[in-house]
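Structure assessment
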Amino acid sequence: MSDSLVKVRSLVKHFKLEPKGLFDAPPVLRAVDGIDFDVQRGETLGLVGESGCGKSTTARLVLRLIEPTSGSITLDGVDVLATSKKELMALRREMQIVFQDPLSSLNPRMSVGTSIAEPLRFHRIADKVERFDLARRYLEIVGLSKDYYDRLPHEFSGGQNQRVAIARALILQPKLLILDEPVSALDVSIRAQVLRLLIDVQAEFGLTYIFISHDLSVVKRVCNRTAVLYLGKIVEIAESERLYREPLHPYSQALIRAIPEANPDGPRADSLAGIEGDVPSPVNPPQGCRFHTRCPHRMPVCTEKEPPLMEAGDGHKVACFLHQEAADHSDGQ
Ligand code: SF4
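Residues numbered from 1 in each chain as written. Predicted model: local features only at pLDDT ≥ 70, side-chain atom pairs only at ≥ 80, totals over all residues. Heavy atoms only, no water.

1. Concerning the overall build of the protein chain
What counts, and what does not: Helix and strand definitions here come from DSSP, where helices need a minimum of 4 consecutive H or I residues and strands a minimum of 2 consecutive E residues; each element is numbered from the N-terminal end. Put simply, the radius of gyration uses C-alpha atoms, and a globule should come to 2.2 Å times the residue count raised to 0.38. For each residue, the accessible area found with a 1.4 Å probe, counting protein chains only, is set against the maximum for its type, and the residue is called buried under 20%, exposed over 50%, and partly exposed in between. Where accessible areas are quoted, they stem from the Shrake-Rupley method and a 1.4 Å probe; at the residue level, only the protein chains shown are allowed to cover. Residues scored as charged are limited to Lys and Arg (positive) and Asp and Glu (negative), so that His and the chain ends carry no count. By convention, the charge on Lys lies at NZ, on Arg at CZ, on Asp at CG and on Glu at CD.
Within the protein chain, the secondary structure is distributed over 12 helices and 12 strands. Against the 2.2 N^0.38 benchmark of 20 Å for 333 residues, the protein chain shows a C-alpha radius of gyration of 21 Å, consistent with a compact globule. If you line up the protein chain on its principal axes, its C-alpha atoms span 70 × 50 × 50 Å. Counting only residues that meet the buried cut, the protein chain has 48% of its 333 residues in that class. Carbon and sulfur atoms provide 50% of the accessible area of the protein chain, an area that totals close to 16400 Å². In the protein chain, 41 side chains carry a positive charge and 44 a negative one; their mean positions are 5 Å apart.

As structure tokens, then:
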């Protein structure tokens, strides 16, 4: 039975840009353009896609760090967008984020222990001695010595600082942790250790993750389900194992083919074999299927109509007319 912690429905975020001329209408950047997804309690949902596909904007919308243009978001049944400022502050205890660059979220002049304890002070949880003890405990939980409490971020490696950032996010015991490219800035040798830590603390604290990455080999390792985004839309979502074994959308297929381990002799991960050109501008996305300008399988209908996200069986959904027949069959069952 479904036990959704997060529900996102028809979520849209358009940014108005500066008009070019004095009398021009402001161009609109369609960063997120109508997406729906659930995150089940205790699972890790991956959001993947090339730069500019809307994955990080989605994360900020879920946390309400930015306001959506329209749509709805609920966390554990609470309407995130309907909360007052005070209620939102309380709700933020339930959902935390870890960014790509730990130094951007740590104060360089504050000891790492004080940084870890800071969210407790902000939310007026525990007294000073208890906060000190808790920060030392969370240093140990993330694999660092509690004796590092007084050290400054510059005394640590990138991997150690990311552990500090994770401890700081965990100390409020959130229900949802959003991980925005959490290992992308780390040395390859450190990545596996930090991923292992994330998997371990998820099991220990019963956390739910939204894991954002452009690196599909990382997502494959840690995510139960994966959603592929393209130009502000989800084009495919499925159990990770199924998506990687049997991707249905031509864009997902190209992304997965480009993973070095899937095809060691193939092109580099940042080049998509068989896919023409670059991602079009989200200011002026193509009509019909947004992927049609790059799709090797495009048909006349693809330039006329936008494919909806269609059920392809067992929760696997795809937005591509190539799979319309299977979706119709699935609906009729
Ligand atoms: Fe390609 Fe058409 Fe499918 Fe879009 S709908 S991915 S253009 S085949």
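2. A few points about the confidence of the model for the protein chain
Applicable threshold: Confidence of the predictor at the level of single residues is given by pLDDT, which spans 0 to 100. Contacts: residue pairs with any heavy atoms within 4.5 Å of one another.
Mean pLDDT for the protein chain: 91, with 92% of residues reaching 70 or above. Confidence drops under a pLDDT of 50 for residues 263–269, and excluding neighbours within four residues, the segment shows six contacts in the predicted structure.

3. As for the sheet that holds strand 11 (residues 310–311)
In plain terms, the rule: Any two strands with at least two DSSP bridges between them are considered paired. Interaxial angles span 0 to 180 degrees and are taken between N-to-C directions of axes, which are lines fitted to C-alpha atoms, for helices over the stretch in contact.
Ordered in space as 6-7-8-3-9-10-12-11, the eight strands form an open sheet in which the pairing is mixed. The sheet is open, and its two borders are formed by strand 6 (95–98) and strand 11, each paired with just one other strand. Running at roughly 155° to strand 7 (residues 176–180), helix 1 (residues 55–62) makes contact with strand 3 (44–48), strand 6, strand 7, strand 8 (208–213) and strand 9 (225–230) of the sheet.

4. A short note on the pairing of strand 9
In terms of residue burial, strand 9 counts as a mostly covered element, since six of its six residues are buried. Burial of the side chains of strand 9 extends over both faces: R225, A227 and L229 are buried on one face and T226, V228 and Y230 on the other. Strand direction decides the pairing type here: strand 3 and strand 9, joined by four bridges, are parallel. When the bridges of strand 9 are listed, V48 appears paired with V228. Strand direction decides the pairing type here: strand 9 and strand 10 (residues 233–239), joined by six bridges, are antiparallel. Considered in strand 10, the bridge of T226 is made with A238. Between the antiparallel neighbours strand 9 and strand 10 lie two residues, among them L231 with a positive phi of about 50°.

5. Quick look at the site of the ligand
This is how it is decided: Here a residue counts as near a molecule or strand whenever at least one of its heavy atoms sits within 4 Å of it. The rule is simple: put a 1 Å grid over the protein atoms alone, call a set of points where a 1.4 Å probe fits but cannot get out a cavity, call an open set with protein on both sides within 12 Å along at least five of seven lines a pocket, and count a residue as lining if it has an atom within 4 Å of a point. Whether a molecule sits in a cavity or pocket is decided by its atoms, more than half of which must lie within 2 Å of the grid points. Just so you know the grouping, Ala, Val, Leu, Ile, Met, Phe, Trp, Tyr, Cys and Pro go in nonpolar, Asp, Glu, Lys and Arg go in charged, and all remaining residues, Gly too, go in polar.
Close to the ligand lie 13 residues, the nearest being C289, C295, C302, C320 and F321. For the ligand, the cavity whose grid points lie within 2 Å of the majority of its atoms is the largest cavity. Taken together, the residues that form the shell around the ligand break down as nine nonpolar, three polar and one charged.

6. Notes on the layout of surface pockets
Counted only if it meets this: Grid points are joined across faces, edges and corners, and a volume is the space filled by probe spheres set on the points.
The computed volume of the largest pocket comes to approximately 470 Å³. Taken together, 18 residues line the largest pocket, and the ones lying closest to its centre are Q96, I97, P119, R168 and L172. Where the lining of the largest pocket is concerned, the elements lending two or more residues are helix 2 (85–92), strand 6, helix 4 (112–122) and helix 6 (158–170). Ranked by the residues each element gives to the lining of the largest pocket, the list is headed by strand 6, at four residues. The class makeup of the residues in the lining of the largest pocket is 12 nonpolar, three polar and three charged.

7. Brief notes about helix 4
With eight of its 11 residues buried, helix 4 lies for the most part within the structure. Buried residues in helix 4 make contact with helix 5 (128–141) and helix 6. Just past helix 4, the residue R124 takes up positive phi, approximately 55°.

8. Side note on helix 6
In plain terms, the rule: A helix's residues, less one, multiplied by 1.5 Å, set its expected span.
With 13 residues, helix 6 extends 18 Å from end C-alpha to end C-alpha; this agrees with the ideal 18 Å at 1.5 Å per step. Burial within helix 6 is extensive, with 10 of its 13 residues counted as buried. Taken residue by residue, helix 6 has G159, N161, Q162, R163, V164, A165, I166, A167, A169 and L170 as its buried positions. Those residues of helix 6 that are buried are in contact with strand 6, helix 3 (102–105), helix 4, helix 5, strand 7 and helix 7 (188–205).

9. Concerning the environment of V78
One can find V78 in strand 5 (residues 78–79). With 71 residues separating them along the chain, V78 and K7 place their C-alpha atoms 9.8 Å apart. Setting aside its immediate chain neighbours within four residues, V78 contacts I73, T83 and L91.

10. Thoughts on the pairing of strand 10
Extensive coverage of strand 10 is indicated by the burial of six of its seven residues. As paired elements, strand 10 and strand 12 (residues 317–318) share two bridges and run antiparallel to each other. Residue E236 lies in a different strand from strand 12, and its bridge partner there is V318.

11. Here we look at the sheet that holds strand 5
Reading across the sheet, the four strands line up as 2-1-4-5 and stay open at both edges, with antiparallel pairing between neighbours. The strands lining the two open edges of the sheet, one partner per strand, are strand 2 (28–40) and strand 5. Relative to strand 2, strand 1 (residues 4–16) runs antiparallel, the two being bridged by 10 bridges. Its bridge partner lying in strand 2, L11 is registered against I35. Helix 1 contacts strand 1, strand 2 and strand 4 (70–75) of the sheet and is inclined by roughly 65° relative to strand 2.

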